[in-house]
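Now for the letters of each chain:
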Amino acid sequence: MNSYNLTHLKVLESEAIFIIREVAAQFEKPVMLFSGGKDSIIMFHLARKAFFPDKIPFPLMHIDTGHNFPETINFRDKLIKETGEKLIIKLVQESIDNGTAIEESGLNPSRNGLQTVTLLEGIESGNYDCALGGARRDEEKARAKERFFSHRDEFGQWDPKNQRPELWNLFNGKKNIGEHFRVFPISNWTEMDVWQYILNEKIAIPSLYFAHKRQVVSRDGVLLAKCAHISLKKDESWEEKTVRCRTIGDMTCTGVSESLASTMEEIIEEVATTRVTERGGRADDKRSEAAMEDRKKEGYF
């Protein structure tokens with residue numbers, strides 16, 4: 001890796017750490033969202049750097065759909081055990097049991113959208129006034145509209161037309177009772193930046209990101225990994241392919257990609273040459289042209 005990339009990554013790291021510290025200074029009770037995916041792992045890494053040698057001064061929160069890749073949950077539990085940081089787990093299943101969320105039906109019912117209900121309930125029950133997330137502007141067109149400090153109203157909703165200016169790195173965290181903020185410290189990072197930073201910092205990530213053999217089915221242009229929550233159509237069958245994940249979420253909507261990249265260097269080379277976007281394999285984003293923006297307006301990450 002040349003010196004330009006190292007300098008570029010250090011600038012991004014410094015910006016993200018500054019924003020994380022700004023959250024700790026401005027808000028009374030923040031929480032960091034953690035999914036076990038690469039972006040939230042980087043956020044966790046940056047937060048530990050920001051406050052070292054002390055512990056992170058706020059807890060992590062995982063919105064667990066119950067449809068996660070087992071590798072993600074195993075990685076999450078191992079990481080928390082090794083670092084001793086505080087993790088709060090909120091279950092989508094509890095929202096369903098309480099009647100505040102309604103389970104989808106069909107061949108592969110997704111709980112991805114139901115996370116919004118559980119997230120808002122978790123923020124309200126914990127009385128959190130800020131939730132840090134690992135979203136990046138290059139992921140999706142709706143996320144490209146988001147500022148670092150994203151105001152949410154008393155219903156947890158986002159109005160893309162009502163955002164505050166962020167001039168000279170001045171962030172306005174003022175809010176009314178019942179409102180909160182979402183803050184995205186790695187907004188300016190690209191997928192390539194993420195992978196280069198992981199390589200440079202030697203950050204451990206779930207095995208799902210590396211090439212491995214897995215039973216999959218091709219549906220609507222997306223390769224879905226075999227799991228108990230996906231039923232096959234009459235003309236479908238499982239087939240073994242060598243694949244990896246570029247993004248990780250609910251198994252029922254997270255597409256995997258055919259790949260032979262088994263090292264960080266090979267992943268970076270693959271990302272540099274691909275013409276498919278990072279979320280190009282996410283079935284939940286294909287539900288409509290404005291799927292992500294609609295979910296964000298309702299209170300999604």
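Note: the structure precedes this text.
What counts as what
Each chain has its residues counted from 1, following the order in which its sequence is written. A pLDDT threshold of at least 70 governs which residues receive local features in this predicted model, and a stricter bar of 80 or more applies before side-chain atom pairs are shown or counted, although totals over entire chains, interfaces and linings include all residues. Here the side-chain values reflect all heavy atoms present in the structure, with hydrogen atoms and water set aside. Each helix corresponds to a stretch of at least 4 residues labelled H or I by DSSP, and each strand to a stretch of at least 2 residues labelled E; elements are numbered beginning at the N terminus. Only protein chains enter the calculation, and the probe is 1.4 Å; a residue is then buried if its accessible area is under 20% of its type maximum, exposed if over 50%, and partly exposed in between. In what follows, residue pairs with any heavy atoms lying within 4.5 Å of each other are defined as contacts. Method for areas: the Shrake-Rupley scheme with a 1.4 Å probe, in which residue coverage is limited to the protein chains shown. Stacked, tilted and edge-to-face pairs are distinguished by plane angle, under 30 degrees for stacked and over 60 for edge-to-face with tilted covering the rest, among Phe, Tyr and Trp rings (Trp via its six-membered ring) whose centres lie within 6.5 Å. The criterion for a charge sitting over a ring is simple: Lys NZ or Arg CZ within 6 Å of the ring centre, and within 35 degrees of the ring normal. When DSSP finds at least two bridges between two strands, those strands are taken to pair. Every axis corresponds to a line fitted to the C-alpha atoms, with the helix fit spanning only the stretch in contact, and the corresponding angles, defined between N-to-C directions, vary from 0 to 180 degrees. For patches, a residue must show more than 30% relative accessible area and have no salt bridge; joins then use 9 Å for like charges and 5 Å for nonpolar side chains, namely Val, Leu, Ile, Met, Phe, Trp and Tyr. Salt bridges, as used here, are contacts in which a Lys or Arg side-chain nitrogen is within 4 Å of a carboxyl oxygen on Asp or Glu.

**Some points on the overall build of the protein chain**
And step 1. Scanning the protein chain for helices and strands turns up eight helices and ten strands.
And step 2. By residue count, 53% of the 301 residues in the protein chain fall in the buried class.
And step 3. Restricting the contact set of the protein chain to residue pairs at least 6 apart, pairs at least 24 apart contribute 74%.
And step 4. Counting every atom, the protein chain has about 14400 Å² of accessible surface; 50% of that belongs to carbon and sulfur.

**A closer look at the packing of aromatic side chains**
Within a pair of aromatic rings, the relevant descriptors are the distance that separates the centres and the angle that separates the planes.
And step 1. Per the stated rule, a full pass over the model turns up seven aromatic pairs.
And step 2. Between Phe51 and Phe58, the ring centres sit 6.0 Å apart and the planes meet at 90°, which makes this aromatic pair edge-to-face.
And step 3. For Phe58, a relative accessible area of 5% puts it in the buried group.
And step 4. Cluster of aromatic residues (ring-pair linked, three or more members): Phe27, Phe149 and Phe181.
And step 5. Across from the ring centre of Tyr128, 5.3 Å away, lies the NZ or CZ of Lys29, which sits over that ring.

**Quick notes on the sheet that holds strand β7 (residues 212-219)**
And step 1. What the four strands build is a closed barrel, ordered β7-β8-β10-β9; its pairing is antiparallel. Shown here is a sheet whose adjacent strand axes are inclined to one another by a mean of 70°, direction ignored.
And step 2. Sheet analysis places strand β9 (residues 239-244) next to strand β10 (residues 255-258), joined by two bridges and oriented antiparallel. Among the inter-strand pairings, Val243 is bridged to a residue of β10, identified as Glu258.

**Section: a nonpolar patch on the surface**
And step 1. Taken together, the side chains of Leu167, Trp168 and Leu170 define a hydrophobic patch exposed on the protein surface, amounting to about 420 Å² of accessible area.
And step 2. Positionally, Trp168 belongs in the loop between β5 (149-152) and β6 (180-183).

**Some details on the environment of Pro185**
And step 1. Residue placement: Pro185 occurs in the loop between β6 and α6 (191-201).
And step 2. Residues Pro185 and Phe18 lie 167 residues apart in sequence; the distance between their C-alpha atoms is 8.4 Å.

Keep in mind that these numbers describe shape and distance, not what the molecule does.
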